[in-house]
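# Per-entry structural report
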Amino acid sequence: MPKVGFVSLGCPKNLVDSEVMMGVLSRAGYELTPRAAEADVLVVNTCSFIAPAQQESVNSILEMAEYKKFGRARKLIVAGCLVERYRDEIQRQIPEVDAVIGTGEVEKILAACQGELPANATMNVAAEPPSYLYHDLTPRILSTPRHLAYIKINEGCDHPCTFCVIPRLRGKFRSRRFESVVREAENLAAAGVREICLVGQDTTYYGEDLGLRDGLATLLTRLAQVEGLHWVRFLYCYPNRITPKLLETIAGHPRLVKYLDVPLQHASRGVLSRMKRGSNADAFLKMLERIRRAIPGVSIRTSFIVGFPGETERDFRELCDFVRAAEFDWMGVFSYSDEDKSASFSHENKIEPESIARRRDALMSIQKKISAKKLRGRVGQRLPAILEGPSKDTDLVWEARLEGMAPDIDGKVYITEFEGISDALALPAPGTLATIEVTESSDYDLIARAVEFAAPSAQSSARPQKPARRGELFPILAGR
Ligand code: SF4
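Residues numbered from 1 in each chain as written. Predicted model: local features only at pLDDT ≥ 70, side-chain atom pairs only at ≥ 80, totals over all residues. Heavy atoms only, no water.

## Remarks on the sheet that holds strand E6 (residues 148-152)
Strand pairing in a sheet is mediated by backbone hydrogen bonds. Such pairs are either parallel or antiparallel. An order of E6-E9-E10 is seen for the three strands of this open sheet, with the pairing classed as parallel. In this open sheet, the two edge strands, each paired with only one partner strand, are E6 and strand E10 (231-234). Each adjacent strand pair in this sheet contributes to an overall mean axis angle of 20°, direction not counted. Taken together, the four bridges between strand E9 (residues 195-199) and E10 define a ladder with parallel strand orientation. Bridging across to E10, Cys197 finds its partner in Arg233. Helix H1 (residues 12-27) contacts E6 and E9 of the sheet and is inclined by roughly 95° relative to E6. (Pairing = 2+ DSSP bridges. Helix = DSSP H or I, 4+ residues; strand = E, 2+ residues; numbered from the N terminus. Axes fitted to C-alpha atoms, helices over the stretch in contact; angles between N-to-C directions. Contact = heavy atoms within 4.5 Å.)

## Overview of the sheet that holds strand E11 (residues 259-261)
Read from one edge of the open sheet, three strands run E11-E12-E13, paired in parallel fashion. Looking at the sheet topology across the chains shown, the edges are occupied by E11 and strand E13 (330-335). Pairs of neighbouring strands in the sheet enclose a mean axial angle of 15°, with direction left out of account. Helix-sheet contacts for helix H12 (residues 353-376) involve strand E12 (299-306) and E13, and the interaxial angle to E13 is about 175°.

## Comments concerning the side chain of Glu84
Of note, Glu84 is situated in helix H3 (residues 81-93). Within the structure, the side chain of Glu84 is placed 2.8 Å from the backbone nitrogen of Thr103, a separation counted as a polar contact. Every residue in contact with Glu84, bar those within four places of it in the chain, is listed here: Gly102, Thr103, Gly104, Pro130 and Leu169. (Polar contact = N/O pair within 3.5 Å; in protein donor to acceptor, adjacent residues only side chain to side chain.)

## Topic: the site of the ligand
Taken together, the residues surrounding the ligand are Cys157, His159, Cys161, Phe163, Cys164, Ile166, Pro167, Gln201 and Arg277. The residue makeup of the shell around the ligand, split by class, is six nonpolar, two polar and one charged. (Near = heavy atom within 4 Å. Nonpolar A, V, L, I, M, F, W, Y, C, P; charged D, E, K, R; others polar.)

## Some points on the nonpolar core
Formed by 120 residues in total, the largest nonpolar core has its most connected members in Ile196, Leu198, Phe322, Leu363 and Ile415. Among the elements that make up this core, the one with the highest residue count is H1 (seven residues). Leaving out residues up to four positions away in the same chain, Ile196 has contacts with Ala149, Ile151, Ala185, Leu188, Leu223, Leu229, Trp231, Val232 and Arg233. Core analysis: the next-biggest nonpolar cluster, separate from the first, contains 21 residues, Val7, Ile50, Ala53 and Met64 among them. (Core = buried A, V, L, I, M, F, W, Y, C linked by side-chain atoms within 4.5 Å. Buried < 20%, exposed > 50% of the residue type's maximum accessible area, 1.4 Å probe, protein only.)

## Brief notes about helix H10 (residues 281-294)
For H10, built from 14 residues, the straight-helix expectation of 20 Å at 1.5 Å per residue is met to within 8% by its first-to-last C-alpha distance of 20 Å. Each element contacted by the buried residues of H10 is listed here: helix H8 (244-252), E11, helix H9 (269-274), E12 and helix H11 (313-326). (Expected span 1.5 Å × (residues − 1).)

## Section: the pairing of strand E17 (residues 433-441)
Here five bridges tie strand E14 (residues 382-390) to E17, and the two strands are oriented antiparallel to one another. Directly across from Arg382, in E17, lies its bridge partner Glu437. Of the strand pairs in this sheet, E17 and strand E18 (residues 446-453) are connected by seven bridges, and their pairing is antiparallel. Bridged to Thr435 within E18 is Glu452. Counting the residues that bridge the hairpin from E17 to E18 gives four residues.

## Quick word on the packing of H10 against H11
Axis angle and axis distance: for two packed helices, these are the angle between their axes and the distance between the axes, and together they describe the pair. Two numbers describe how H10 lies on H11: the axes approach to 11 Å, and their chain directions differ by 15°. The angle between H10 and H11 places the two elements in the roughly parallel class. For the crossing formed where H10 meets H11, the hand is right-handed. Where H10 abuts H11, its residues Ala281, Phe284, Leu285, Leu288 and Arg292 lie against Glu318, Phe322, Ala325 and Ala326. Here the residues of the contact of H10 with H11 sort into seven nonpolar, no polar and two charged. (Parallel < 35°, antiparallel > 145°, perpendicular 65-115°, else oblique. Left-handed = near helix turned anticlockwise from the far one by under 90°.)

## A word on unusual backbone geometry
Positive phi outside glycine occurs at Gln265, with the angle close to 75°. If you trace the backbone, Gln265 turns up in the loop between E11 and H9. Of note in the backbone geometry, Asp408 takes a positive phi value of approximately 70° without being a glycine. Turning to its location among the elements, Asp408 is positioned in the loop between strand E15 (398-402) and strand E16 (413-418). What makes Asp408 exposed here is its relative accessible area of 71%.

Taken by themselves, the reported measurements are silent on function.
Encoded structure:
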């Protein structure tokens, strides 16, 4: 059977789509390969929510097209969010592309690879709004380390945020069936996954379209019972949906990590109102107080956009003051990207790119000091952490994460010593929960020694797999 290679760009939600496409092809007998030069078929699952992501997607497509010109590849398939925006342009401007499938057409990957989706078939045809949702029986090949898996619990978004085009790329909000999510979690735990991370554009809205009240809290309560899991995490909260029930649920179950990811986007009332998100800095500070009271020791992540049209120096100062007062554990800052399909594209008073860059750097440097101070406070502490395996950078050091550190987006712990172990073969398996003692800290990471951990079991015979670097073809975890 032909060999197929995948490049998956963008967010964990897009990663799940790539894993489903790999599962569909693998079930049809395709062999997955981590080397583009060996692939007969190459699939690039793209991202396009902001301009830099679009550029990265186009670069990856052109890079893979080279393998079609000079390598073994016979087919190049483009999938994902860039297709939802530029379906016709991709086919017109990159003739090496044999087929395109949108975010709602994930299961058409087999037809695309078998040439049953002729090029230009969808040219100038208004695509249906995406409505696809995978479920627990959908074949899926995980690309994350053996002990970690993302579960997409809902898709699409109905919020009117004026800077955002995701609703156009992903369609209307739709939740997966409750029991399907639970069965998937049970199957993953049985397959050796120890941490699941729930994703969706707005996970806090889960179940509303199914008539569930506090659907996310109810789902978390159920997932907290799944045997074998150490941790259950979720990302992408919408600020005004953080209910007392949700906080109570997180505080009440040891398997539910004490961690909240709440993108706030800004803190100035005027900017938030033009973003069609509402609220303001004072209300957000009260919300953070409520969260920290309900869940002692909770880690909070957020993200902001700087340079939104009309953002004054005063608005920006208000945001800086808010970040100093809020003291987030983790924070991302996006430069406003003027997307032609977004509502804010028609707004006036666009900000100069230099000012946007200056504001982005200024806000990040405020957070850097806060992060460094918080992590310094951890030195000397003994804390539970999940062991991830040898570091991407060197085998001499292992990586781990505290429950307050989400994979790939937050800081990490570098393990420099395993107490009482000198033989590498006696090292515990990735995914093992350990007690670590923090010995040093930096701006965003910790250094520690592992002082207690479960003895290596049969599971540890499998050598840890090095995760793919961004944009690299996935090393396929055979035999999952
Ligand atoms: S909540 Fe707003 S920013 Fe997030 S995906 Fe939906 S529209 Fe975009």
